[in-house]
Amino acid sequence: MDGILALCHFCETHGPCVILCTQRSKEEPLQTPHTLTVTWCEACQSVDLSQALVSRDNKTTYVTTRTPQQQDLAFLLKQAAVRSLSCEEETSKEGGTLYFGDNERGHVISHTFTLRDSLARGFYRKYSIIMLMKDKIHLLNSWPMLADVINGAEQAQRPQRAVRQAQGSPRNTARSLSQLTGQPAVFGHIHLWFTWMLSCETVIEKPNAGLPLPPFRSPFTLRKFANEWDEVVFQVACFCTVTGYRLEIDDFLVKDAFQVLLPSNFTPFHNAPVCILKNEDRWVVEWGGQLPPRLPTLITVAEKGLKNENLPDAALVPYINGLVLKWLHIAQSIYWSKSNNNSQLLQTLGVQSHDMPLINYWLTQLSLNK
Ligand SMILES: [Zn+2]
């Protein structure tokens, strides 16, 4: 991902400052990483000013330096560091997470945390990890992963804090992060964490396999059938439609009426028993199959709306289309997950066993129409 990650510290002598930052680079830095004069003490020390920690993968180089290689970035990061370590919400000892920023200065997620230090003012030292990005959406999408890494990092440091606290008082009260955590290679570890985070592509673009509904489909004829037809005949026709059986009806208008229960472009299974609907004074059905004890939720909910006298025609259109879209999205989520038997996912999506005939048919259609 594009962006810059930085570790900041509230130094008792120098105030909020960036002590280390990692960014992507096309090539290794050829000369000393920066020309800035940076005041520092033991507490805000990390890698040397003239040093760079570098990791490389096939295409990209990840560079960690004391300050960013570009001066304008150094300024933006400094501003972000001040804000992340000075904000009201962030001054609690427990630390916390904050988003701030705009399109001009970039978008920032900041996570503040403290390390215990018997020599520090208030017995703790305050740090923050900030991620600065131009793209707000991309940044916010990266947050769950950043949170995971930070939690892991903080937990790893906890035992070290206790050890340091139990030690006597050194002459100099300012202590670097590596002294505080008892890990001489802590900045190397941070470099590797930051590098790993920058190398991850966190935004997963899902293919748009959606089958758009037609712009307008009127469920009014279907409402008429729901109210006038024999209930079982109506339910068989609905069930066959949404689970992929072929409907054979002389009257195209009748066939179309049931199609509102399906996304567009769905074609029935060819080898399934055909469901024949005939108008013999009243509509009757001939079908070799049998209705299950519980109908798929889509049918139950659709039938409820169609038969509800208090639901005006104008509201019925979005009611039915919304229902079909909902089940289309459920089917798509399952299709994308590539694991039809993931019971936890099915449960989360509200799919029950009586919905499976519908889901199985819709998944087949999604794979055909991808
Ligand atoms: Zn300092």
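To keep things clear, this report deals only with the structure shown in the data block. Throughout this document, residue positions are counted from 1 along each chain, in the order its sequence is written. Residue-level local features of this predicted model are given only where pLDDT is at least 70; pairs of side-chain atoms are given and counted only at 80 or more, and the full residue set underlies all totals for whole chains, interfaces and linings.

## Side note on unusual backbone geometry
- We note that Asn 265 has phi near 70 degrees; this positive angle belongs to a residue other than glycine.
- Numbered from the N terminus, helices here are DSSP runs of H or I no shorter than four residues, and strands are runs of E no shorter than two. On the secondary structure map, Asn 265 appears in the loop between α7 (252-259) and β9 (275-280).
- A residue is called partly exposed when the number of other C-beta atoms within 10 Å of its own lies between 12 and 20, exposed at 12 or fewer, and buried at 20 or more, with C-beta atoms placed from the backbone. The class for Asn 265 is exposed, based on 11 C-beta atoms found within 10 Å.
- In this model, Asp 281 sits at a positive phi of 65 degrees, which is unusual for a non-glycine residue.
- Here Asp 281 shows up in the loop between β9 and β10 (282-286).
- For Asp 281, a count of 5 C-beta atoms within 10 Å puts it in the exposed group.

## Concerning the packing of helix α8 (residues 297-307) against helix α9 (residues 313-337)
- Axis definition: a line fit to C-alpha positions, over the contact stretch in the case of helices; interaxial angles, taken between N-to-C directions, run 0 to 180 degrees. In contact at an axis separation of 10 Å, α8 and α9 are set at 175 degrees when each is read in the N-to-C sense. In terms of their interaxial angle, α8 and α9 are classed as roughly antiparallel. Contact with α8, carried on its side by Leu 298, Val 301, Ala 302 and Gly 305, involves Leu 316, Tyr 319, Ile 320, Leu 323 and Trp 327 of α9 and no other residues of that element.
- Classifying every residue of the contact of α8 with α9 by side-chain character gives eight nonpolar, one polar and no charged. In these notes the angle categories are as follows: under 35 degrees is roughly parallel, over 145 is roughly antiparallel, 65 to 115 is roughly perpendicular, and the rest is oblique. Throughout, a pair of residues is in contact if the C-beta atoms placed from their backbones lie within 7 Å. Throughout, the ten residues Ala, Val, Leu, Ile, Met, Phe, Trp, Tyr, Cys and Pro are labelled nonpolar, Asp, Glu, Lys and Arg are labelled charged, and all others, Gly among them, are labelled polar.

## Here's the deal with the environment of Leu 295
- Relative to the helices and strands, Leu 295 resides in the loop between β10 and α8.
- For the pair Leu 295 and His 354, spaced 59 residues apart in sequence, the C-alpha to C-alpha distance is 6.1 Å.
- The contact partners of Leu 295, leaving out residues within four places of it in the chain, are Gln 235, Phe 239, Thr 300 and His 354.

## Topic: the nonpolar core
- Here a nonpolar core is just a set of buried residues of the types Ala, Val, Leu, Ile, Met, Phe, Trp, Tyr and Cys, joined wherever their C-beta atoms sit within 7 Å. The biggest cluster of nonpolar side chains holds 39 residues, and the ones touching the most others in it are Leu 5, Ala 6, Cys 8, Ala 81 and Ile 130.
- When contributions to this core are tallied by element, the ones reaching two or more residues are β1 (4-11), β2 (15-25), β4 (61-65), α1 (71-86), β6 (106-116), β7 (124-133), α3 (177-181) and α4 (186-199).
- A per-element tally of this core places β1 first, with seven residues.
- Setting aside chain neighbours within four positions, we find Ala 81 in contact with Ala 6, Cys 8, Pro 16, Cys 17, Val 18 and Ile 130.
- Membership of the second largest hydrophobic core comes to 38 residues, among which are Phe 239, Leu 261, Cys 275 and Leu 358.

## Things to note about α1
- Helix span, expected: 1.5 Å multiplied by one less than the number of residues in the helix. With 16 residues, α1 should reach 22 Å at 1.5 Å per residue; the first-to-last C-alpha distance of 23 Å fits that figure.
- Elements in contact with the buried residues of α1: β1, β2, β5 (96-102), β6 and β7.

## Comments concerning the sheet that holds β1
- Think of it this way: DSSP has to see at least two bridges between two strands before they count as a pair. The strand order β3-β4-β2-β1-β7-β6-β5 describes an open sheet built from seven strands, whose pairing is antiparallel. Two strands lie at the open edges of the sheet, namely β3 (53-56) and β5, each paired on one side alone. Averaged over neighbouring strand pairs, the angle between their axes works out to 20 degrees when direction is ignored.
- Sheet topology places β3 next to β4; four bridges connect them, and they run antiparallel. Note on β4: the bridge partner recorded for Leu 53 is Thr 64.

In short, shape yes, function no, at least from these values alone.
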